Amino acid sequence: LDGEDGPRSGADRELVHSVLRLFEVLKAFRRERPRMTLTEVAEAAGLTRASARRFLLTLVHAGYAETDGKRFALSPRVMELGHSVMAASSVWD
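None of the values given here were measured: they were computed from a predicted structure.

Thresholds, definitions, all that
Residues numbered from 1 in each chain as written. Predicted model: local features only at pLDDT ≥ 70, side-chain atom pairs only at ≥ 80, totals over all residues. Heavy atoms only, no water. Pairing = 2+ DSSP bridges. Helix = DSSP H or I, 4+ residues; strand = E, 2+ residues; numbered from the N terminus. Axes fitted to C-alpha atoms, helices over the stretch in contact; angles between N-to-C directions. Expected span 1.5 Å × (residues − 1). Buried < 20%, exposed > 50% of the residue type's maximum accessible area, 1.4 Å probe, protein only. Contact = heavy atoms within 4.5 Å. Left-handed = near helix turned anticlockwise from the far one by under 90°. Nonpolar A, V, L, I, M, F, W, Y, C, P; charged D, E, K, R; others polar. Salt bridge = Lys/Arg side-chain N within 4 Å of Asp/Glu carboxyl O. Arc of directions from axis to C-beta.

Re the sheet that holds strand β2 (residues 65–67)
The strand order β1-β3-β2 describes an open sheet built from three strands, whose pairing is antiparallel. For this open sheet the edge positions go to β1 (35–37) and β2, each flanked by a neighbour on one side alone. Within this sheet the neighbouring strands show an average axis-to-axis angle of 30°, counted without direction. The sheet contact formed by β1 and strand β3 (residues 71–74) spans three bridges and is antiparallel. For threonine 37, the partnering residue across the bridge sits in β3 and is arginine 71.

Thoughts on helix α1 (residues 17–28)
Along its 12 residues, α1 runs 17 Å from first to last C-alpha, staying within 8% of the 16 Å computed at 1.5 Å per residue. Three or more residues of α1 are buried, namely His17, Val25, Leu26 and Ala28. Here the buried face of α1 lies against β1, α2 (38–45), α3 (49–62) and β3.

Considering the packing of α1 against α2
Running from amino to carboxyl end, α1 crosses α2 at an angle of 115°, the nearest separation of the two axes being 8 Å. Considering only the axes of α1 and α2, their crossing is right-handed. Contacts between α1 and α2 involve Glu24, Val25 and Ala28 from the first element and Val41, Ala44 and Ala45 from the second. In terms of residue class, the contact of α1 with α2 is built from five nonpolar, no polar and one charged.

Re the pattern of salt bridges
Scanning the entire structure with this criterion turns up four salt bridges. Here lysine 27 and glutamate 24 are joined by a salt bridge, their closest N and O atoms 3.1 Å apart. Of this pair, lysine 27 and glutamate 24 both sit in helix α1, three residues apart, which is roughly one turn of the helix. In this structure lysine 27 comes out as partly exposed when scored by relative accessible area, which is 48%. We classify glutamate 24 as partly exposed; its relative accessible area is 31%. The closest approach of N and O atoms between arginine 71 and glutamate 40, which form a salt bridge, is 3.2 Å. Of this pair, arginine 71 sits in strand β3 while glutamate 40 sits in helix α2, and the two are 31 residues apart along the sequence. When its relative accessible area of 29% is taken as the criterion, arginine 71 is described as partly exposed.

A look at α2
Looking only at α2, the buried set comprises Leu38, Val41, Ala42 and Ala45. When α2 is viewed along its axis, its buried side chains cluster within an angular range of 100° and face the same direction. Along its buried surface, α2 packs onto α1, β1, α3 and β3. Downstream of α2 by a residue or two, glycine 46 has a phi angle that is positive, lying close to 70°.

Written out as structure tokens, the structure is:
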């Protein structure tokens with residue numbers, strides 16, 4: 001991923017850009033749209049359908065998403081990610 005100003009900066013080279021794109025897929029799901037088609041996820045995440053499909057199938061394989069063959073939804077297992085953050089923080093943080 002090149003930035004608007006050309007090739008990646010030194011700091012950008014240290015990032016795992018596919019993880020950043022995965023976060024965009026996760027954030028695409030909202031209360032208003034808990035179940036989406038591949039096309040809807042791709043558009044919401046700013047990805048190609050092929051990329052969105054690979055991320056979604058990976059999430060399904062890992063148990064973080066589910067599909068009925070047409071629509072995808074996050075599974076309750078996603079809450080484990082938030083629980084990890086909460087468990088590592090005190091209530092006052």
